[in-house]
Amino acid sequence: MTFKLHVHDVSYPCESILFDKDGTLLEFLHLWGPWAETMLRQLEEVLTERGATFTVDRGDVLGTKHDGAGKIIGYDPQGPFVIATVDESNGLLAGQLYAAGIPWNESITMIRKFSSVAMREVRQNKLAEPMTGLLPFLQQCRDASIPMAVVTSDSTAAAETHLDWMGIRSFFTSIVGSDRVTLGKPDQESVMLACKELHIRPDRAIVIGDSNGDMQMGRSAGASCVIGFCPQDQATDHLHDADVIIRAYEELGLFPNEN
């Protein structure tokens, strides 16, 4: 039996669904906010010791928004904090040390050590929480025998770990991290690999993500539909390549294709 995914009274052919991870399957700030705070704190300490400061406003280093106490309370949906890989973010942070007069090899080595500290805290706290309404939708897809995959800018191993923390790893047949492809988002390579592993044509797959890079990735692969996921408290203007935008998983429904 084949199915269609109903979104806002429109139906799309659906033989598989490919999800972004951070901000789509899990609450982004809960997991990565503490990581970024730890990275920025360590970086600022070194800069202060050398009598230097950030070359830009603190929030512009990675694209984060802070309250008066320095806690991250938001982010630029088009910024590196959301879209960049860990290695790309490390490069940006190392650039701050290089600008303060620290040789590049020392800068990147220092940032990698900072990242080890920050990632250790992430693993200790395990603050990965599924998006509201996600679990019932995943179960609905499983009941309909819809194969699912995760395509993420994170590493495959990290994605596997985060899905395990949330208890949802078993829902996904394929996990495609940035380490499994040559070109990351918005290139189509991740979608093509996931579809190959699901034994599904890309034009019968649906892509769901929270960044426009996800939308461009799905479009370039010829996906049946690219769905932008954007919770109620966020603006949607960055998802200009989405076919449709949803605020919650309750807006999606699977129905048998009667044709």
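Up top you'll find the structure we're talking about.
Residues numbered from 1 in each chain as written. Predicted model: local features only at pLDDT ≥ 70, side-chain atom pairs only at ≥ 80, totals over all residues. Heavy atoms only, no water.

> Just checking my understanding: could you explain unusual backbone geometry for this structure?
Most peptide bonds take the trans configuration, and most residues that are not glycine carry a negative phi. Between Lys 185 and the following residue, Pro 186, the backbone shows a cis peptide bond with an omega angle of 10 degrees. Its location among the elements puts Pro 186 in the loop between strand E7 (174–176) and helix H7 (189–198). A positive phi is found at Asp 9, a non-glycine position, where the angle reads about 70 degrees. Although it is not a glycine, His 199 adopts a positive phi angle of roughly 60 degrees. Position of His 199 among the secondary structure elements: in the loop between H7 and strand E8 (205–209). (Helix = DSSP H or I, 4+ residues; strand = E, 2+ residues; numbered from the N terminus.)

> Is there a simple way to think about helix H5 (residues 134–143) in this case?
Given 3.6 residues per turn, any residue in an α-helix points the same way as the ones three and four places further on. Restricting attention to buried positions, one finds in H5 the residues Leu 134, Phe 137, Leu 138 and Cys 141. End-on, the buried residues of H5 take up no more than an arc of 100 degrees, which puts them together on one face. Of the residues in H5, the exposed ones pointing more than 90 degrees away from the buried face are Pro 136 and Asp 143. A positive backbone phi angle near 60 degrees is found at Ser 145, which sits one or two residues after H5. (Buried < 20%, exposed > 50% of the residue type's maximum accessible area, 1.4 Å probe, protein only. Arc of directions from axis to C-beta.)

> Please explain the nonpolar core as it appears in this structure.
Of all hydrophobic cores here, the largest spans 64 residues; its most connected members are Phe 19, Trp 35, Phe 172 and Ile 227. The element that contributes the greatest number of residues to this core is helix H1 (residues 28–49), accounting for ten residues. Leaving out residues up to four positions away in the same chain, Ile 227 has contacts with Leu 5, Val 7, Ile 206, Val 207, Ile 208, Gly 209, Met 215, Val 244, Ile 246 and Leu 252. Counting 21 residues, the second largest nonpolar core, distinct from the first, contains Val 151, Cys 195, Ile 200 and Leu 239. (Core = buried A, V, L, I, M, F, W, Y, C linked by side-chain atoms within 4.5 Å. Contact = heavy atoms within 4.5 Å.)

> Sorry if this is basic, but what is going on with the packing of aromatic side chains here?
The geometry of an aromatic ring pair is captured by the separation of the ring centres together with the interplanar angle, meaning the angle of the planes. In this structure the tally under the stated criterion is ten aromatic pairs. Seen from their ring centres, Tyr 75 and Phe 81 are 6.2 Å apart, and the 75 degrees between their planes marks the pair as edge-to-face. Its relative accessible area of 5% is what places Phe 81 among the buried residues. Taking the ring centre of Phe 171 as reference, the NZ or CZ of Arg 142 above it sits at 4.0 Å. (Phe/Tyr/Trp six-rings, centres within 6.5 Å; stacked < 30°, edge-to-face > 60°. Lys NZ or Arg CZ within 6 Å of the ring centre and 35° of its normal.)

> In this structure, what is going on with the pattern of salt bridges? I would like to understand it.
Oppositely charged side chains can pair when the atoms bearing their charge come close. This model, assessed by the stated rule, comprises ten salt bridges. Notably, a salt bridge pairs Lys 21 with Asp 22, separated by 2.7 Å at the nearest N-O pair. Comparing Lys 21 with Asp 22, the two get one shared label, buried. Two residues, Asp 214 and Lys 185, come together in a salt bridge whose shortest N-O distance is 2.7 Å. Here Asp 214, found in helix H8 (residues 212–220), pairs with Lys 185, found in the loop between E7 and H7; they are 29 residues apart in sequence, far enough to count as distant. We classify Asp 214 as buried; its relative accessible area is 1%. What you see here is one network of salt bridges that share partners, running through Asp 20, Lys 185 and Asp 214. (Salt bridge = Lys/Arg side-chain N within 4 Å of Asp/Glu carboxyl O.)

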